Structure formats: structure tokens, C-alpha cells
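Inside the fold
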Amino acid sequence: MRILITGGLGFIGRALAKRLLDENAHQLVLLDTLSPQVHGENPSYPDLLSHPNVRFLKGSVCDRSLVRDALAGVSAVYHLAAETGTGQSMDEIQRYYDTNVMGTAILLEEVVKEPSLRPKALVLSSSRSVYGEGAYALSEDDGFEVTSRIYPSGRSATDMQQGSFEFLRDGRPLTPIPTKETDKIDPNSIYAASKYAQEQMCQIACSTVGISFTALRLQNVYGPGQSLRNPYTGILSIFTNTLKQGGSIDIFEDGEESRDFVYIDDVTRAFRLALDVPASPDNIINVGTGNRHTVSEIVGLLERKIGVSGRSYISGRFRPGDIRHCFADVSRMNRILGFKAETPLIDGLSATVDWALNQPAELDRSDAANRELEALVRRN
Ligand SMILES: NC(=O)c1ccc[n+]([C@@H]2O[C@H](COP(=O)([O-])OP(=O)(O)OC[C@H]3O[C@@H](n4cnc5c(N)ncnc54)[C@H](O)[C@@H]3O)[C@@H](O)[C@H]2O)c1
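Attention in this report is confined to the structure presented alongside it. The numbering scheme is per chain: residues are counted from 1 as the chain's sequence reads. Owing to the predicted nature of the model, reporting of local features is limited to residues with pLDDT of at least 70; listing and counting of side-chain atom pairs is limited to 80 or more, with chain, interface and lining totals taken over all residues.

1. Regarding the pairing of strand 8 (residues 172–176)
For strand 6 (residues 136–138) and strand 8, the ladder comprises 3 bridges, and the chain directions are antiparallel. Note that in strand 8 the partner of Ala-137 across the bridge is Thr-175. Strands are labelled as partners when DSSP assigns at least two bridges between them. Per the convention used, a helix needs a DSSP run of H or I reaching at least four residues, while a strand needs a run of E reaching at least two, with both numbered from the N terminus. As consecutive antiparallel partners, strand 7 (residues 168–169) and strand 8 are separated by 2 residues, and within that stretch Asp-170 has a phi angle of approximately 50°, a positive value.

Now the structure itself:
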């Protein structure tokens, strides 16, 4: 099959391309701008770019003629090209909308207008960010009982400045519960809003012209190959890079904020399976492990793996738009894709650190990126 991957040289795109090439059954078209923020000035991916079954098109999803060229003869499209920094999106609104929304609009317009460019299937790389804070419930003293699903909205800067990070309802703490695809949509960043716009545009356009559409709402993906230079995404790679450079990790809030970390191999398996599922309005699917781990826990595991200690501190700093907790309800993923994320965190983290330690040193830009975001808070 001939398959187009937009953003095909990004972290997930490259891993997905390798998985597909291993099947020895596909011709791939990889379209990517090679954004310097992600790839640096002189990226080189010889294993993919010299592969006989790969055609690489360097350029943007906003370039209509390039998109037409990329679509010629393809049966399936994985749409991954995006600007991906949640915090950065709050300050660079046009850049995020140009790539994520306008790029998707151009891709869809071409497949809608021109039947000869129409794939059979389109899989979108969406994000759990569309849920905002996600689902919570009141926890009872005598155990945990979900009485109703609660969707708290963002936390106030005043509360967080006083060290109060958790959500309360009438003075009682709320407990995070796994977020389902049917839970409230509540994007709280420009990035999240752009990902939800992508989903809706793809769903509507694909159903109009009979393209089978699936959106995968990814949790926090990590693994070898994630950019060590991009300070705006991927805390595991950012932290590993900081420790590798001899720096200290500034753990935000109280370190108890938590995420669902899903390993890259599991994610690319979900993408592969998504290509073969029959069209259905239920094809908006969470991809995660269904478990959550706190940031302090992750830092502890990283320090142990790298063999350092005392190289992190809890600063109490916080960023606008950061959510407190999140983890996925994966029952739809299990049912529709017949798939469970299987890589244990400790194994995935170990493989990630081993890979990162063997990469050329990258300037640690995380502190500068955090200062940019703090300046944004001060302006408001
Ligand atoms: N990594 C995660 O944890 C995660 C979580 C949720 C959703 N996602 C989504 O998955 C997709 C891939 O993310 P990733 O982690 O591989 O990020 P990445 O930054 O490594 O990859 C994105 C790729 O898109 C390319 N790109 C940017 N603008 C482009 C444009 N205008 N035209 C063509 N290419 C362009 C970049 O050069 C990059 O190679 C994105 O759509 C992202 O929103 C990722």
C-alpha cells in the first residue's frame, strides 16, 4: 500500500515509518518541514531517507501543490504534522493555527475536491489535551466511589501561588478518574483547541466523501527518538537531557501532578491497527496505558537509572494552562483496536535513557522556555 505520513520525520512519524517499512509491503511518502525547533539545523535520518521504499518531500502541509504531490496515488494518510508545544501555543497563536488548522484544511480540501487524490483511510494523531483537566470524582472517606463525573476547569494562579494545586469541591478533594472519549471536551490551550478543530474537520470532511476516519487521542508519548532539543514538549526527554548535561531538574507544583506515559512502540502499534478498523463514529480513540505516574516518581526513576541523586528540587513554580492530572480510559482502545499498551514504564524509561545518553549533547533550553512562559503569566 502507498501511505502518506505528514510530520513523517517527527518522533512518532519516524517510529511509525519504521514499523510500516518492516512489513515490507508499503511505499511511504514522508512530508515534513523539518522544523528547526524539533530537528536542529542539520538533521539527518539516513536510515529512512535512503530507504528504497521512502519518498521524502521537504515542506509544509500548508503548501498546496506539495500536498497534492504527496497525495498522488496514496491509499492511506497518517496526519501527524503539527506544532506541539502546549505552553508555546499560548503565545504563538497564529503559528499554531497556521500549521495545525490551516494545514489540515488544505489537506482536506485537496482530498475533497479531487477524487483521484482521495485515500481510503485517514488516521489523525490527536491529543488528550482536548479534555482539558479531564474527569474527576468525589472520593469518599470510606473508600472510593464514583457518584458522578466532575469536570473541573483550570486552577487559579492565586491558589497555586499559595501552594494549593489540587481541585476541591465544597472543601472536599476531587480524585482524578480515567477520562473516557465521551467525557467533556474542554480545550484549555491554543494547541488543544487546534487539535480538536483538526478532529472535527477531518471527521466531517471524511464522512462527506466516504474516507474511513480514525482519531487517536494520545496521552504522553515517550521513548527513544523524542527530540532532546525541543524544550516545549516531552518531559521525559527534557529531564533526561537536563540530567545528562549535569543540570538539576526543577519539578513544578508539588511534584504530585501526574500523567499517563505511553511508550512509542505501543503508540505505533495502535496507529498500525487503526488503519484497518472499519469506519465508525466511535473511531475517536484514547491511546494510553490507563495508569498515571507523578512527576516526582518519574524524576526518581530517571535519577536511579542514570545513577545520580539530589539533582532535582520541587520549586512550586507552575505554568499557565498546565493540567493537574490525566490518564486515559482505554476500554474503547481495547475493544476497537483489540490492543493494550504493554511496555512497563520501567522498561520504556530504561530504553529511553540508554538512547538519550548516546546522543550528541543538546543545549538544555528548558529554563529559557520556562522563563518565556512565566513572562506570559506576568503579562496577564
Ligand atoms: N508526543 C506526544 O506525546 C503527543 C501527544 C499527543 C498528540 N501528539 C500528536 O502527535 C503528532 C506527532 O507528534 P510528535 O511527538 O511526533 O512531534 P514532533 O514534533 O516530533 O513531530 C511533528 C513533526 O511535524 C513537523 N512539522 C511541523 N510543522 C509542519 C508543517 N507545517 N508541515 C509539515 N510538517 C511539519 C515537524 O518538523 C516534526 O517533524 C502531532 O500531531 C502531535 O500533536 C503527540
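2. Thoughts on the site of the ligand
Think of it this way: take the backbone, place a C-beta atom on it, and check whether that atom is within 6 Å of the molecule or strand, in which case the residue is near it. Among the 30 residues in the neighbourhood of the ligand, the closest are listed as Gly-7, Gly-10, Ala-81, Ala-82 and Val-221. The set of elements that each furnish at least two residues to the shell around the ligand consists of helix 1 (11–22), strand 2 (27–32), helix 6 (93–113), strand 5 (121–127) and strand 10 (220–222). It is helix 1 that provides the largest number of residues to the shell around the ligand, a total of 3 residues. The classification used treats Ala, Val, Leu, Ile, Met, Phe, Trp, Tyr, Cys and Pro as nonpolar, Asp, Glu, Lys and Arg as charged, and all other residues, Gly among them, as polar. For the shell around the ligand, the per-class residue count stands at 13 nonpolar, 14 polar and 3 charged.

3. Notes on helix 13 (residues 345–357)
Expected span, for any helix, means 1.5 Å times one less than how many residues it has. Over its 13 residues, helix 13 runs 18 Å from end to end, which matches the ideal 18 Å to within 8%, given 1.5 Å per residue. Partly exposed residues are those falling between the two cut-offs: more than 12 but fewer than 20 other C-beta atoms within 10 Å of their own, whereas 20 or more means buried and 12 or fewer means exposed, with C-beta atoms placed from the backbone. Residues of helix 13 that are buried: Gly-348, Leu-349, Thr-352, Val-353 and Ala-356. One side of helix 13 holds all its buried residues, which, seen down the axis, span an arc of 130°. Turned more than 90 degrees away from the buried face of helix 13 sit Ile-346, Asp-347, Asp-354 and Leu-357, all of them exposed. Contacts made by the buried residues of helix 13 are with strand 10, helix 9 (235–244), strand 13 (261–263) and helix 11 (295–306). As used here, the arc is the angular range of directions from the helix axis to the C-beta atoms. Contact between residues is assigned whenever the C-beta positions, reconstructed from backbone atoms, fall within 7 Å.

4. As for the sheet that holds strand 5
The 7 strands lie next to each other as 3-2-1-4-5-9-14, forming an open sheet whose pairing is parallel. Every other strand in the sheet has two partners, leaving strand 3 (54–58) and strand 14 (284–287) as the edge strands with one partner each. The average undirected angle you get between the axes of adjacent strands in this sheet is 20°. Where strand 1 (residues 2–6) lies against strand 4 (residues 76–79), 4 bridges are found, and the strand directions are parallel. Every angle, taken between N-to-C directions, lies between 0 and 180 degrees, and every axis is a line fitted to C-alpha atoms, over only the stretch in contact when it is a helix.

5. Brief notes about the nonpolar core
One finds Leu-4, Ile-5, Leu-122, Leu-216 and Val-267 to be the most contacted residues of the largest nonpolar core, which totals 75 residues. Tallying contributions element by element places helix 1 first for this core, with 6 residues. Apart from the residues within four sequence positions on either side, Leu-122 is in contact with Val-77, His-79, Cys-202, Cys-206, Ile-211 and Phe-213. A set of buried Ala, Val, Leu, Ile, Met, Phe, Trp, Tyr and Cys residues, joined to one another through C-beta atoms within 7 Å, is what we call a nonpolar core. Formed by 9 residues, the second largest nonpolar core is a distinct cluster that contains Val-130, Tyr-131, Ala-192 and Tyr-196.

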